[in-house]
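Chain residues, written in single-letter form:
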Amino acid sequence: MSGQVSNNGSIAVIGAGYVGLVNAACLADIGHSVACFDTDAQKVSRLSSGIVDILEPGLPELVAKNLDSGRLSFHSVADKALNSAETVFLCVDTPTDPVTGPNLRNLMGAVDSVLDHGENVSTLVLRSTVPPGTTAKVSAEIAVKNGHRSMDIVVHPEFFQEGQAVDDCQSPCRIVVGSDNEAAALRVAGVWQNTDVPFLTTDTATAEMIKQASNAFLAAKISFINDIARICDATGADIDLVAKGMGLDPRIGHRYLQAGIGFGGSCLPKDLRALISSAKLLGWTPPTLAAALKVNDDQIAVIAEKLEKRLGGLQGKKVAMLGLTFKPDTADFRDSPAMALGQYLSRAGGKVRATDPALDQLPQEARDEFDLVADPAECVVGADAVVLATAWPIYQKLNWSEIASSMSGDLVVDGRNVLDVAEIKSAGLRYVGVGRGSVSD
Ligand SMILES: NC(=O)c1ccc[n+]([C@@H]2O[C@H](COP(=O)([O-])OP(=O)(O)OC[C@H]3O[C@@H](n4cnc5c(N)ncnc54)[C@H](O)[C@@H]3O)[C@@H](O)[C@H]2O)c1
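Residues numbered from 1 in each chain as written. Predicted model: local features only at pLDDT ≥ 70, side-chain atom pairs only at ≥ 80, totals over all residues. Heavy atoms only, no water.

**Here's the deal with the packing of helix 5 (residues 105-117) against helix 6 (residues 134-145)**
In step 1: Remark: helix 5 packs on helix 6, axes separated minimally by 11 Å, with the N-to-C direction vectors making an angle of 40°. Relative to helix 6, the crossing made by helix 5 is right-handed. Contacts between helix 5 and helix 6 pair L107, M108, V111, D112 and L115 from the former with T134, K137, V138, E141, I142 and K145 from the latter.
In step 2: Split into classes, the residues belonging to the contact of helix 5 with helix 6 amount to six nonpolar, one polar and four charged. (Axes fitted to C-alpha atoms, helices over the stretch in contact; angles between N-to-C directions. Helix = DSSP H or I, 4+ residues; strand = E, 2+ residues; numbered from the N terminus. Left-handed = near helix turned anticlockwise from the far one by under 90°. Contact = heavy atoms within 4.5 Å. Nonpolar A, V, L, I, M, F, W, Y, C, P; charged D, E, K, R; others polar.)

Shown next, in the form of structure tokens:
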């Protein structure tokens, strides 16, 4: 992706997490000079040595290549990253508190760093996901703290999916840029030099809303299929064929129609809650969004009930959980439904032993929740039930005859509907899926 670089001067990226690191590495790879600032000095020091803790295909190589070329650097001191930057990408986390709503403290902290150290900054790019109306707050903050500064603000949401973040960032399905100044919006779209990607210029509130509404829609699609799956469980219909039949309609499409233990991760639950909370501030609760959240919250109990019913209660039952990350091919445990299910089962008296390919990156505070083992074969020893909670490919290739001989019980709950039903049954085990009434025991 290297080549002619459009005239945006040097770029600073604030936040070296998933979004900041991927954006910084991809921007440097195009040929921009990129300085990335993060307040986490330990993370900065590891990144400066080329150590990438995020599990993303191609990212360590991209970081190493661009560190070597000198186009990419990491800093824990704001001044060093910002003093020569003309364009700043804000990529800090924007959490949503379930009770108090969106928390913009880190974002405002990053804006303060720009005002304090970014003398040459003329364009501020909001790459973080923010609730509608945030740009207006950022503008007001800039006016109060530094009235004489003229700075264009461009809302430029990131749409990548973890697990394919580098590819998505380099070849996005669309570029959205929202600003009061169309020239600034076009300038920011131009940094990617992706002339063949559809792009949309909007005002700032619309760009903010496009991102949150997109995530809310994806979340609602998953909750919709899980709602239908409950009816399938009761009627004997097969949710996978239902979803396949629905998805063949191009108006519906196949993606995000996979029934299972629900959505999670750092984006969908947070952004759905943020949007509901923004609407509540305006005086109403959007029913579709609230229902999508409720179905998802309830889904953990729906899956737990499948175990409870078949095991005759959960108290003292040994449950082996395969997978803890919120989805496969990532080391991200944030808001993971697999973690939530494990916690639910252990609080109900179950003895949960869990495994995950990314176990070494499980945050310290979550380590005491369950008995953890690296090897799936060890995880299932003596188990009354095995629960597939994250659809890692290695769990789809397990030898179920071997598992059957090391379990105490015979129950397999497939929380992602990805296991081979025939193989599990021929190993003498009972299979239970989500909305797979026709094949579940
Ligand atoms: N992770 C995703 O898949 C994804 C996808 C699209 C959009 N987003 C959005 O992008 C934003 C960032 O998400 P993320 O997953 O990269 O978060 P993250 O938690 O992985 O990274 C955020 C980083 O910002 C740093 N930081 C926080 N405040 C700072 C400050 N004031 N100055 C400097 N550094 C600071 C933190 O130390 C951390 O390293 C969020 O708004 C998120 O909703 C995330």
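**Brief notes about helix 10 (residues 239-247)**
In step 1: For helix 10, the set of buried residues is I239, A243 and G247. Projected down its long axis, helix 10 shows its buried positions confined to an angular sector of 65°, all on one face. For helix 10, exposure combined with an orientation more than 90 degrees from the buried face picks out L241 and K244.
In step 2: In this fold, the buried residues of helix 10 make contact with helix 9 (204-235).
In step 3: The N-capping residue of helix 10, defined by a side-chain oxygen 2.8 Å from the backbone nitrogen of D240, is D238. (Buried < 20%, exposed > 50% of the residue type's maximum accessible area, 1.4 Å probe, protein only. Arc of directions from axis to C-beta. Polar contact = N/O pair within 3.5 Å; in protein donor to acceptor, adjacent residues only side chain to side chain.)

**Considering the pairing of strand 15 (residues 411-414)**
In step 1: Neither face of strand 15 is left uncovered, since the one carrying L411 and V413 and the one carrying V412 and D414 both have all their residues buried.
In step 2: Relative to strand 15, strand 14 (residues 385-388) runs parallel, the two being bridged by four bridges. Note on strand 15: the bridge partner recorded for V387 is V413.
In step 3: With helix 15 (residues 400-406) bridging strand 14 and its parallel neighbour strand 15, the resulting β-α-β unit is right-handed.
In step 4: The parallel pair strand 15 and strand 16 (residues 430-432), bridged by helix 16 (residues 421-426), forms a crossover whose chirality is right-handed. (Pairing = 2+ DSSP bridges. Right-handed = clockwise from strand over helix to strand, strands pointing away.)

**A look at the domain arrangement of the protein**
In step 1: By domain assignment, the protein separates into domain 1 (10-202) and domain 2 (215-432).
In step 2: Computed from C-alpha coordinates alone, the two centres of domain 1 and domain 2 are separated by 33 Å.
In step 3: Tallying the contact residues gives 15 residues for domain 1 and 19 residues for domain 2.
In step 4: A combined buried area of about 1300 Å² lies between domain 1 and domain 2, and 48% of that area is made up of carbon and sulfur atoms.
In step 5: Across the domain 1-domain 2 interface, the total number found is one salt bridge. (Domains from an automatic or database assignment. Buried area = accessible area lost by both parts, 1.4 Å probe. Salt bridge = Lys/Arg side-chain N within 4 Å of Asp/Glu carboxyl O.)

**Remarks on the nonpolar core**
In step 1: Grouped together as the largest cluster of nonpolar side chains are 59 residues, with contacts concentrated most on L307, M321, L341, L345 and W400.
In step 2: Looking at this core element by element, the count peaks at five residues for helix 12 (residues 287-311).
In step 3: Not counting chain neighbours up to four residues away, the residues in contact with L345 comprise A304, L307, L314, V319, M321, G350 and V352.
In step 4: By size, the runner-up hydrophobic cluster in this structure holds 40 residues, among which are A16, Y18, L21 and F74. (Core = buried A, V, L, I, M, F, W, Y, C linked by side-chain atoms within 4.5 Å.)

**Observations regarding the packing of aromatic side chains**
In step 1: As enumerated under the stated definition, the model contains one aromatic pair in all.
In step 2: Considering the side-chain rings of F89 and W192, the 6.3 Å spacing of their centres and the 80° angle between planes classify their relative orientation as edge-to-face. Note that F89 is positioned in strand 4 (residues 85-90) and W192 in the loop between helix 8 (182-190) and strand 10 (199-202), a separation of 103 residues in sequence.
In step 3: Judged by its relative accessible area of 2%, W192 falls in the buried class.
In step 4: The ring of F159 has R174 sitting right over it, with the charged end atom 3.6 Å from the ring centre. (Phe/Tyr/Trp six-rings, centres within 6.5 Å; stacked < 30°, edge-to-face > 60°. Lys NZ or Arg CZ within 6 Å of the ring centre and 35° of its normal.)

**Describing the packing of helix 9 against helix 12**
A pair of packed helices can be characterised by two numbers: the angle between their axes and the separation between those axes.
In step 1: Helix 12 packs onto helix 9 with a crossing angle of 45° between their chain directions and a minimal axis gap of 9 Å. Relative to helix 12, the element helix 9 lies oblique. In terms of crossing hand, the pair formed by helix 9 and helix 12 is left-handed. Across the interface between the two elements, A216, A220, S223, N226, D227, R230 and D233 of helix 9 pack against L289, A292, V295, N296, D298, Q299, V302 and K306 of helix 12. (Parallel < 35°, antiparallel > 145°, perpendicular 65-115°, else oblique.)

**Some thoughts on the site of the ligand**
In step 1: Surrounding the ligand, one finds 27 residues, the nearest of these being V19, D38, K43, T94 and K270.
In step 2: Within the contact set of the ligand, an oxygen atom lies 3.0 Å away from a side-chain nitrogen or oxygen of R334.
In step 3: For the ligand, the accessible surface in isolation is 830 Å², of which the surrounding protein chains cover 90%.
In step 4: Elements with a minimum of two residues in the shell around the ligand: helix 1 (18-30) and helix 5.
In step 5: Residue classes in the shell around the ligand are distributed as nine nonpolar, nine polar and nine charged.
In step 6: Composition of the shell around the ligand by domain shows at least three residues from each of domain 1 (10-202) and domain 2 (215-432). (Near = heavy atom within 4 Å. Areas by Shrake-Rupley, 256 points an atom, 1.4 Å probe, with all protein chains shown as cover.)

**With respect to unusual backbone geometry**
In step 1: With phi around 50°, Q193 is a residue other than glycine that occupies positive phi space.
In step 2: Assignment of secondary structure puts Q193 in the loop between helix 8 and strand 10.
In step 3: Under the relative-accessibility criterion, Q193 is labelled partly exposed at 29%.
In step 4: Notably, Y256 is not glycine yet its phi reads approximately 65°, a positive angle.
In step 5: Within the secondary structure, Y256 sits in the loop between helix 10 and helix 11 (268-281).
In step 6: Given a relative accessible area of 26%, Y256 falls into the partly exposed group.

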